[in-house]
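Chain residues, written in single-letter form:
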Amino acid sequence: DVKVTQSSRYLVKRTGEKVFLECVQDMDHENMFWYRQDPGLGLRLIYFSYDVKMKEKGDIPEGYSVSREKKERFSLILESASTNQTSMYLCASSLGARWDGGVTDTQYFGPGTRLTVL
Amino acid sequence: DAKTTQPNSMESNEEEPVHLPCNHSTISGTDYIHWYRQLPSQGPEYVIHGLTSNVNNRMASLAIAEDRKSSTLILHRATLRDAAVYYCILTSRQGAQKLVFGQGTRLTINP
């Protein structure tokens, strides 16, 4: 089974702090994704990565950056946390490699990190 | 990305079949239909996907209309553990490898 793990289930930080959210997958997947989920707004894509050291902006990248130094690890960084970044953060991975719209697109999600910024 | 439309909520009884509809009238010929679900306090999980033909797996069945403008996720015998938000998502070559989540259908299962 594919396993996607996230470093914390719950995190409380103060405004202005630098926050690192870590995600690790154990299935040699090419693609990794970071989403945030808020009530009434659903899941929104922040950043994604097709390969090591490659990243692309999603729909809401402002205030975030990412790092992918190793294939299995994708980090989300909040350079200076703000209260409007209080949210559930979800990491996902998919096989990638080539597009076939089916199996290689299937995303596997971690359990999520609930971040509160005070 | 092509858009999907789902009812906001549905309710069913335990051990009965559940049919969750999804409309996607602007689907293109190469779009796949994916279903995910999100159980309370968990990340979404893959349920099933298809292109043109009906599909079955251990979790559910996917019935796709002949014109592909709609599809139905079928849970053959619902349990309380099937209570979740179900998302119908299209994937296209233009938005390759990304998923766009709508609001989904919140399914309630009554004991």
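Heads up: the structure comes first, above all this text.
Quantities reported herein were computed from a predicted structural model and do not represent experimental measurements.

Caption draft 1: Structural context of the environment of A:Val4. As for its placement among the helices and strands, A:Val4 is situated in strand β1 (residues 4-6). Discounting chain neighbours no more than four positions away, the residues touching A:Val4 are A:Cys23, A:Val24, A:Gln25, A:Cys91, A:Ser93, A:Tyr108, A:Phe109, A:Gly110 and A:Pro111.

Caption draft 2: Structural context of the pattern of salt bridges. Taken as a whole and assessed by the stated rule, the structure comprises ten salt bridges over all chains. A:Lys71 is paired through a salt bridge with A:Glu30; the nearest N and O atoms lie 3.3 Å apart. Of this pair, A:Lys71 sits in the loop between β7 (65-70) and β8 (73-78) while A:Glu30 sits in the loop between β3 (19-25) and β4 (31-38), and the two are 41 residues apart along the sequence. On the basis of relative accessible area, A:Glu30 is assigned to the partly exposed category, the value being 23%. With a shortest N-O distance of 2.7 Å, B:Arg37 and B:Glu45 are connected by a salt bridge.

Caption draft 3: Looking closely at the sheet that holds strand β1 (residues 9-13) of chain B. All names here are of chain B. If you trace the five strands from one edge of the open sheet to the other, you get β1-β9-β8-β3-β4, paired in mixed fashion. Each having just a single partner strand, β1 and β4 (45-50) make up the two edges of the open sheet. With direction set aside, neighbouring strand axes in the sheet form an average angle of 25 degrees. Pairing of strand β3 (residues 32-38) with β4 involves five bridges; the strand directions are antiparallel. Within β4, the residue paired with Tyr36 across the bridge is Tyr46.

Caption draft 4: Seen up close, the layout of surface pockets. One number sums up the size of the largest pocket: a volume of about 890 Å³. Along the wall of the largest pocket there are 28 residues; nearest its centre are B:Arg37, B:Glu45, B:Tyr46, B:Arg58 and B:Met59. Only β10 (107-109) of chain A together with β4 of chain B provide two or more residues apiece to the lining of the largest pocket. Size it by volume and the second largest pocket reaches roughly 610 Å³. If you trace the second largest pocket, you find 28 residues lining it, with A:Gln37, B:Gln38, B:Val85, B:Tyr87 and B:Arg106 closest to the centre. Among the secondary structure elements, those contributing two or more residues to the lining of the second largest pocket are β4, β9 (87-94) and β11 (113-117) of chain A together with β8 (84-91) and β9 (105-110) of chain B. Of the residues assigned to the lining of the second largest pocket, the class counts are ten nonpolar, 14 polar and four charged.

Thresholds, definitions, all that
- Residues numbered from 1 in each chain as written.
- Chains lettered and ligands numbered in written order.
- Predicted model: local features only at pLDDT ≥ 70, side-chain atom pairs only at ≥ 80, totals over all residues.
- Heavy atoms only, no water.
- Helix = DSSP H or I, 4+ residues; strand = E, 2+ residues; numbered from the N terminus.
- Contact = heavy atoms within 4.5 Å.
- Salt bridge = Lys/Arg side-chain N within 4 Å of Asp/Glu carboxyl O.
- Buried < 20%, exposed > 50% of the residue type's maximum accessible area, 1.4 Å probe, protein only.
- Pairing = 2+ DSSP bridges.
- Axes fitted to C-alpha atoms, helices over the stretch in contact; angles between N-to-C directions.
- 1 Å grid on protein atoms, 1.4 Å probe; cavity = no way out; pocket = protein on both sides within 12 Å on 5 of 7 lines; lining within 4 Å.
- Points joined across faces, edges and corners; volume = space filled by probe spheres on them.
- Nonpolar A, V, L, I, M, F, W, Y, C, P; charged D, E, K, R; others polar.

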